[in-house]
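Each chain, letter by letter, is given below.
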Amino acid sequence: MPSERALRLAGAVIATVGIGVATYITIADSGGGAPTCLAGGHGCATVANSSYSHIAGVNVAVFGIVGYVLLLAAAAIPGDPGRFGGLLMALVGFGFSAYLTYLELFVINAICQWCVASAVLMTLLLLVNAARALTYTGAELTAPPSTSVDQL
Amino acid sequence: MASRKEQKEQLRAERMAREAEEQAKERRRRLIQYGSAAGFLAICVVVVLIIVSQSGGGSSAGSGSKDAAAIEQQLKGIPQHGTVLGDPKAKVTVVEFGDLQCPVCQAFSVQTAPGLISDVVRKGTANYEFRQYVIIGPDSTVAAKAALAASEQDRYWNYIELFYRNQGTENSGYVTDSFLESIAKGAGVPDIAKWNKDRESSKWDATLSKVQKETTALGINATPTIMVDGPGGSKVVGSGVLPLSQIESAIKSVQ
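Numbering of residues starts from 1 in every chain and runs along the sequence as written. Here the convention is simple: chains get letters from A, ligands get numbers from 1, in the order in which they are written. Restriction of local features to residues with pLDDT of at least 70 applies here, the model being predicted, together with a cutoff of 80 or more for giving and counting side-chain atom pairs; totals for whole chains, interfaces and linings are based on all residues. Side-chain numbers here rest on the full set of heavy atoms in the structure, without hydrogens or water.

## Describing the pairing of strand β4 (residues 126-132) of chain B
Residue and element names in this part refer to chain B.
Logical step 1: Buried residues are those whose accessible area, probed at 1.4 Å on protein chains only, stays under 20% of the maximum for their type, while exposed residues exceed 50% and partly exposed ones sit between those limits. Every helix listed is a DSSP run of H or I at least four residues long, and every strand listed is a run of E at least two residues long, numbered separately from the N terminus. For β4, the buried fraction is high: seven of the seven residues fall into the buried class.
Logical step 2: The two faces of β4 match: Ala126, Tyr128, Phe130 and Gln132 on one face and Asn127, Glu129 and Arg131 on the other face are all buried.
Logical step 3: In this description, strands pair whenever DSSP reports at least two bridges between them. One ladder, built from seven bridges, connects strand β3 (residues 92-98) with β4; its direction is parallel. Across the sheet, Gly98 pairs through a bridge with Gln132, a residue of β4.

## Brief notes about the packing of helix α1 (residues 4-29) of chain A against helix α3 (residues 60-76) of chain A
All names here are of chain A.
Logical step 1: Helix axes are fitted only over the stretch in contact, all axes being lines through C-alpha atoms; the angle between N-to-C directions runs from 0 to 180 degrees. Across the interface, α1 lies against α3 with an axial gap of 8 Å and an inter-helix angle of 165°. Accordingly, the angle class assigned to the pair α1 and α3 is roughly antiparallel. As for the relative orientation of α1 and α3, their crossing is left-handed in sense. Contacts between α1 and α3 involve Arg8, Gly11, Ala12, Ala15, Thr16, Gly18, Ile19, Ala22, Thr23, Ile25 and Thr26 from the first element and Ala61, Val62, Gly64, Ile65, Tyr68, Val69, Leu71, Leu72, Ala75 and Ala76 from the second. Any angle from 65 to 115 degrees is called roughly perpendicular, while one under 35 is roughly parallel, one over 145 is roughly antiparallel, and all others are oblique. Helix crossings get a hand from a simple test, with the near helix turned counterclockwise from the far one by less than a right angle marking a left-handed crossing and a clockwise turn marking a right-handed one. Contacts between residues were defined by any pair of non-hydrogen atoms, one from each residue, lying within 4.5 Å.

## Quick notes on the layout of surface pockets
Where empty space is left can be seen by rolling a probe of water-molecule size over the atoms.
Logical step 1: The way it works is a 1 Å grid over only the protein atoms, where trapped points that fit a 1.4 Å probe form a cavity and open points with protein on both sides within 12 Å along at least five of seven lines form a pocket, and then any residue with an atom within 4 Å of a point lines it. Grid points are joined across faces, edges and corners, and a volume is the space filled by probe spheres set on the points. Volume-wise, the largest pocket comes out at about 610 Å³.
Logical step 2: Lining the largest pocket are 36 residues, with Val60, Ala61, Gly64, Phe96 and Leu100 of chain A positioned closest to its centre.
Logical step 3: When residues of the lining of the largest pocket are traced back to their parent elements, those giving at least two are α1, α2 (43-49), α3, α4 (79-108) and α5 (113-136) of chain A together with α1 (4-55) of chain B.
Logical step 4: Among the elements that line the lining of the largest pocket, the one with the most residues is α4 of chain A, at ten residues.
Logical step 5: Under the convention adopted here, Pro, Cys and the residues Ala, Val, Leu, Ile, Met, Phe, Trp and Tyr are nonpolar, Asp, Glu, Lys and Arg are charged, and Gly plus all remaining residues are polar. Across the lining of the largest pocket, the residue classes tally to 26 nonpolar, eight polar and two charged.

## As for the nonpolar core
Logical step 1: If you look at the biggest cluster of nonpolar residues, it comprises 63 residues, and the most contacted ones within it are Val94, Tyr128, Tyr159, Phe163, Leu180 and Trp195 of chain B.
Logical step 2: If we ignore the near neighbours within four places in the chain, the residues touching Trp195 of chain B are Ala146, Ala149, Ala150, Gln153, Tyr159, Leu180, Glu181, Ala184 and Val189 of chain B.
Logical step 3: Grouped together as the second largest cluster of nonpolar side chains are 42 residues, Ile55, Val60 and Cys112 of chain A together with Ala38 of chain B included. By convention a nonpolar core is built from buried Ala, Val, Leu, Ile, Met, Phe, Trp, Tyr and Cys residues, the set being connected through side-chain atoms within 4.5 Å.

## Some remarks on the sheet that holds strand β5 (residues 225-230) of chain B
All names here are of chain B.
Logical step 1: An order of β1-β2-β4-β3-β5-β6 is seen for the six strands of this open sheet, with the pairing classed as mixed. The sheet is open, and its two edges are formed by β1 (80-81) and β6 (233-239), each paired on a single side.
Logical step 2: By the bridge criterion, five bridges tie β3 to β5 in an arrangement that is antiparallel. Pairing of Phe97 across the sheet is with Thr225, part of β5.
Logical step 3: Of the strands in this sheet, β2 (84-85), β3 and β4 are in contact with helix α4 (residues 113-121), which crosses β4 at around 145°.

## Regarding empty space enclosed by the protein
Residues and elements named next belong to chain A.
Logical step 1: Under the counting rule described, the total for this entry stands at one cavity of 30 Å³ or more.
Logical step 2: Reported here for the largest cavity is a volume of approximately 50 Å³.
Logical step 3: What lines the largest cavity is Leu7, Arg8, Gly11, Leu71, Ala75, Leu125, Val128, Asn129 and Arg132.
Logical step 4: Elements supplying a minimum of two residues to the lining of the largest cavity: α1, α3 and α5.
Logical step 5: At four residues, α5 tops the list of elements feeding residues into the lining of the largest cavity.
Logical step 6: A per-class count over the lining of the largest cavity returns five nonpolar, two polar and two charged.

## Let's talk about the packing of aromatic side chains
All names here are of chain B.
Logical step 1: The rule is short: rings of Phe, Tyr and Trp, with Trp giving its six-membered ring, pair when the centres are within 6.5 Å, and they are stacked under 30 degrees, edge-to-face over 60, tilted in between. Under the defined criterion, the tally for this structure stands at 13 aromatic pairs over all chains.
Logical step 2: Ring centres of Tyr159 and Trp195 lie 6.1 Å apart, and the angle between their planes is 35°; on these two criteria the pair is classed as tilted. With Tyr159 in helix α6 (residues 156-165) and Trp195 in helix α8 (residues 192-198), the pair connects residues that are 36 residues apart, well separated along the chain.
Logical step 3: The class of Tyr159 is buried, set by a relative accessible area of 0%.
Logical step 4: When its relative accessible area of 0% is taken as the criterion, Trp195 is described as buried.
Logical step 5: Geometrically, the ring pair formed by Phe163 and Phe179 is edge-to-face, given 5.4 Å between the ring centres and 90° between the ring planes. Within this pair, whereas Phe163 is found in helix α6, its partner Phe179 is found in helix α7 (residues 177-186), the two being separated by 16 residues in sequence.
Logical step 6: For Phe163, a relative accessible area of 0% puts it in the buried group.

## Notes on helix α10 (residues 244-254) of chain B
All names here are of chain B.
Logical step 1: Restricting attention to buried positions, one finds in α10 the residues Leu244, Ile247, Ala250, Ile251 and Val254. With its buried residues spanning 125° around the axis, α10 presents them on a single face.
Logical step 2: In the core, the buried residues of α10 are packed alongside β3, α3 (103-111), α4, β4, β5 and β6. Along the arc lie the directions from the helix axis toward the C-beta atoms.

## Concerning the pattern of salt bridges
All names here are of chain B.
Logical step 1: The salt bridge criterion pairs a side-chain nitrogen of Lys or Arg with a carboxyl oxygen of Asp or Glu, the two atoms within 4 Å. Overall, the coordinates contain 16 salt bridges over all chains when judged by the stated rule.
Logical step 2: A salt bridge links Glu26 to Arg29, with the shortest nitrogen-to-oxygen separation between them at 2.8 Å. Linking Glu26 with Arg29, this pair stays in helix α1, spanning three residues, or about one helical turn.
Logical step 3: Among the residues examined, Glu26 registers a relative accessible area of 23% and is labelled partly exposed.
Logical step 4: Between Glu161 and Arg165 there is a salt bridge whose closest N-O contact spans 3.4 Å. In this pair, Glu161 and Arg165 both sit in helix α6, four residues apart, roughly one turn of the helix.

## Here's the deal with α4 of chain A
Logical step 1: Multiplying one less than the number of residues by 1.5 Å gives the expected span of a helix. Along its 30 residues, α4 of chain A runs 41 Å from first to last C-alpha, staying within 8% of the 44 Å computed at 1.5 Å per residue.
Logical step 2: Backbone geometry just after α4 of chain A places Asn109 of chain A at a positive phi near 60°.

Following this line, the structure appears as structure tokens:
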């Protein structure tokens, strides 16, 4: 298992990439536009023009930015608060990404590569944060004893 | 008999074993407590997000011809020629690339189009053409052909505006023959039998294909997108629920 430091670093890097992806979708959508699908086609436009692209008038990608920022913060916070804050946000992000992917596949009938990219990043973040929480919860408790035999 | 040092070592080992056991217990307790809390909270948040998303996902299809009288009033006295609303000789044409299933187009139809029709089209400053840019799904194509068939009887604009007033959730299956026919009747299409025959015509495939090629060439990938075309050239104004002032400025720039 990688060290907690490595997991936190991986979480921070993935969350930063996620912020970039979600920000691009938000900027492309502002003013009614749509992200450009890399391989052409109208999948991104179809998804962006769908009513499911907004929640209470706010673009879903904005929620994505907030989620990734919180995951970045969780990666920076040491100890159990960071571990379980990260796990909570990753579970929310993964759950909602799964729902959005279901909508793309079975309701909107179109796939947006940027949304898929975000769903993959959320899955990676769940793996990283779950590994961190499961492996290192209470790690401070098992710190090497500072007392020596002679102090007994 | 163990020496004093050995006794110390033994005591230390026993203490460390006890501590390790307690630490392991505490770790398990934290893992279960915090993990359960995180999982429960995550489920709650996701469920709330899904519920809010669903409730904002558009209303279900209406009863067919709601607001027919309001649309009739909105368009009354304005000439219609095929897909064009207003004076066919107007110097400027405002082109909307839209999809009948698109909720943002519906918002444009309700928020901006009424002002555009009353302040610009009715006054003859520009005419208004709606091009069927189908991007939402197969039902968009069916709906587009139904609207184009209404253009054969110069009720295209009544059909579009009434469709938007009765729009349902995209790709939910509400675009049925009976729904389309109720819109046609509400839009005042005089000969429903002819309209039913016309909407099956294969010529609309070429019409829709032409718009697809045009949008690709113009770099348009969203609906509704507004373009103005006049003596001063063509200009893609933008996408989404544009304000009327932005469209009026664009009209002036190409007059």
